[in-house]
Amino acid sequence: MRVAIFGGGYAGVNVARRLERSLSSDDELLVVDESGTHVVRHLLHRAIRRPEGLGDLTLTLDDLFDRATVREARVTDLDAETGVATLADGETIEYDVGAVCIGSEPAFYGLDGVAEHAITLHRPGDPQAVRTSFLDALADGGRTVIGGGGLTGVQVAGELAALAAERGGADRLDLRLLEQADAVPPGYDDRLQSAVQDALAGTGVTVETGVTITGASADRIQVAGGDPVEYDCLVWTGGIAGASALGDERPDVRATLRLGDRTFALGDAVRVIDADGRVVPATAQAATGQASVAAANLSTLLEHRRSGGGDFEPRLDRYRHDDAGWTISVGDEAVAKVGPKVLTGAAAAGVKTLVGAEYLSRIGAAREALKHVGDAIAEE
Ligand SMILES: Cc1cc2nc3c(=O)[nH]c(=O)nc-3n(C[C@H](O)[C@H](O)[C@H](O)COP(=O)(O)OP(=O)(O)OC[C@H]3O[C@@H](n4cnc5c(N)ncnc54)[C@H](O)[C@@H]3O)c2cc1C
């Protein structure tokens, strides 16, 4: 029988690696990814300041698997009930059971001109584009604006401020982080927010909250109820939207991660509601946690189908989100939340080091990559 995993990010790689250990050797395990690589996306902001580390954040999928077959192709449509995926060239792939792990796209909320004029931080080429545009602006004494003060926006701000300092340009830095909510990063507890704001305070980043961006032209941003803001470099980190193969939506899935009769879905691609009824944040940490539930449920469903199905639905595992904590880098500083504690300084940086190294070794990334990431990606 054929098990198909669509997408080779945090969710897809971790599901496939688990299935490699548990599937019968007669079953085919297929991973379909449009890039053929696993991007260590949660460290992408680090490559703005350390472009030499980018190669180590882009791992060839074939190297991560022992028996899964990797197919480099873009899925354009998927029928979760009948188990048929359509690829960009029109070919279809039929599967017995499958998992949708195709991640998300940057969200622009239909804001006029933002997609056209802003740089996002989503794909491997993006850190270099941000770096070039920022350094050009810095050289001319220009202004950089980051739209969106979530995890990504804060971490990008920290990297850009540190890059300016390394270039001796701290006194020329005009870097504004604009956020619609009343604190950054929005949605996190007060102590974490104030620790992040303290970390940003010494860097020269100007944080402006309660600012709603409504559009952008080539050199200015429109904001609700205020004067336009001129800019030279504009980075958009305003959130995520569903992938086009899922109709630009992030469909809801409940705790079993079941999207359809033959299909599960996890990671950023969907909005997961866990066993306690909570909406799970779209993070790498959550995607890898969901992978073990998805792998177990794929095996259960496969056995159910192999035995002819029958009237009863198989009993499926349920995902319960365990917020193991947070680490947010702000340049060379870090803020970590571990259980009820908020850590800053060296203690937080130590947590960041463990997170990066532990993740890479868990997915089987080469020792060499780990070494370089350790060097180039500093305290992650
Ligand atoms: C700068 C930045 C910093 C972040 N920091 C953190 C952090 O500190 N901690 C944290 O937990 N999270 C962080 N995140 C969020 C985290 O990276 C995402 O939540 C995570 O990548 C989601 O994993 P995923 O497997 O669902 O999707 P992805 O990692 O995006 O993987 C999706 C995969 O699907 C493939 N794909 C997409 N579309 C198709 C298609 N149509 N057909 C075939 N293949 C397709 C892609 O090539 C990709 O390999 C950060 C994100 C960014 C951008």
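What this report covers is the structure whose coordinates are included nearby. Source: prediction; values computed, not measured.

Rules and cut-offs
Every chain's residues receive numbers from 1 upward, in the order its sequence appears when written. A pLDDT threshold of at least 70 governs which residues receive local features in this predicted model, and a stricter bar of 80 or more applies before side-chain atom pairs are shown or counted, although totals over entire chains, interfaces and linings include all residues. Hydrogen atoms and water are omitted, and side-chain values are computed over all heavy atoms in the structure. Under the scheme used here, helices are H or I runs from DSSP no shorter than 4 residues and strands are E runs no shorter than 2 residues, and both carry numbers assigned from the N terminus. It is over C-alpha atoms that the radius of gyration is taken, and the globule rule equals 2.2 Å times the number of residues to the power 0.38. To sort residues, take the accessible area from a 1.4 Å probe on protein chains only and compare it with the maximum for the residue type: under 20% means buried, over 50% means exposed, and anything in between is partly exposed. It only takes one pair of heavy atoms within 4.5 Å for two residues to be counted as in contact. Calculation of accessible area relied on Shrake-Rupley with a 1.4 Å probe; when residues are assessed, cover is drawn exclusively from the protein chains displayed. Note that His is not counted, nor are the chain ends; the positive residues are Lys and Arg, and the negative ones are Asp and Glu. Lysine's charge is taken at NZ, arginine's at CZ, aspartate's at CG and glutamate's at CD. For this purpose, a residue is taken to be near a molecule or strand whenever a single non-hydrogen atom of the residue falls within 4 Å of it. Polar contact criterion, stated in full: a pair of N or O atoms within 3.5 Å, where within protein one must be able to donate a hydrogen and the other to accept it, and residues adjacent in sequence count only if both atoms are side-chain atoms. Under the scheme applied here, ten amino acids are nonpolar (Ala, Val, Leu, Ile, Met, Phe, Trp, Tyr, Cys and Pro), four are charged (Asp, Glu, Lys and Arg), and all others, including Gly, are polar. How far each domain reaches was decided by an automatic or database domain assignment. Take the number of residues in a helix, subtract one, and multiply by 1.5 Å to get its expected span. To get the bend at any residue, fit one axis to the seven residues that end at it and another to the seven that begin at it, then take the angle between the two axes. The working definition used for a salt bridge is a side-chain nitrogen of Lys or Arg within 4 Å of a carboxyl oxygen of Asp or Glu.

If you tally the helices and strands in the protein, you get 9 helices and 25 strands. What you see for the protein is a C-alpha radius of gyration of 21 Å, in line with the 21 Å of a compact globule of 380 residues. Principal-axis analysis of the C-alpha atoms places the extent of the protein at approximately 70 × 40 × 40 Å. Burial status across the protein gives 50% buried among its 380 residues. A fraction of 68% describes how many contacts in the protein between residues 6 or more apart in sequence connect residues 24 or more apart. Of the roughly 16300 Å² of accessible surface on the protein, a fraction of 46% belongs to carbon and sulfur atoms. Across the protein, the mean location of the 36 positive side-chain charges is 5 Å away from that of the 59 negative side-chain charges.

Near the ligand you find 29 residues, and of these A11, D33, R41, V75 and D268 are the closest. Within the contact set of the ligand, an oxygen atom lies 2.8 Å away from a backbone nitrogen or oxygen of D268. Within the complex, 93% of the 1000 Å² of free accessible area of the ligand lies under protein. Secondary-structure elements contributing two or more residues to the shell around the ligand are α1 (10-22), α5 (151-166) and α7 (284-306). It is α7 that provides the largest number of residues to the shell around the ligand, a total of 3 residues. Of the residues that constitute the shell around the ligand, the class distribution is 10 nonpolar, 14 polar and 5 charged. The residue makeup of the shell around the ligand includes at least three contributed by each of domain 1 (2-34 + 73-104 + 242-323) and domain 2 (114-239).

Moving on, we come to unusual backbone geometry. With an omega of -20°, the peptide bond running from V184 to P185 counts as cis. Of note, Y109 is a non-glycine position whose phi angle comes to about 55°, a positive value. Secondary-structure assignment places Y109 in the loop between β10 (105-106) and α3 (114-117). Even without a glycine there, the phi angle at L257 is positive, about 70°. For L257, the position within the fold is in the loop between β19 (252-253) and β20 (258-260). Here L257 falls in the buried class, since its relative accessible area comes to 0%.

The next point concerns α7. The end-to-end C-alpha distance of α7, which contains 23 residues, comes to 32 Å, matching closely the 33 Å that a straight helix rising 1.5 Å per residue would cover. A291 marks where α7 bends most, by close to 25°. Two residues or fewer after α7 comes G308, characterised by a positive phi angle close to 95°.

Mapped onto the secondary structure, G98 falls in strand β9 (residues 97-100). A relative accessible area of 0% means that G98 is categorised as buried. Separated by 48 residues in sequence, G98 and R50 have C-alpha atoms that sit 37 Å apart. Sequence-distant contacts of G98, defined by excluding residues within four places in its chain, comprise A4, R262, T263, F264 and L298.

So, about the side chain of S329. Residue position: S329 is located in strand β23 (residues 326-330). Relative accessible area serves as the criterion here: at 0%, S329 is assigned to the buried category. A polar atom in the side chain of S329 sits 3.2 Å from the side chain of H45.

Here we take up the pattern of salt bridges. Within this structure, the stated rule accounts for 25 salt bridges. Between E28 and R2 there is a salt bridge, and its shortest N-O distance comes to 3.0 Å. One end of the pair, E28, is in strand β2 (residues 28-33); the other, R2, is in strand β1 (residues 2-6), and 26 residues separate them in sequence. For E28, a relative accessible area of 30% puts it in the partly exposed group. Shared partners join several salt bridges into a network, and the residues in it are R46, R49, R50, E159, E166 and D332.

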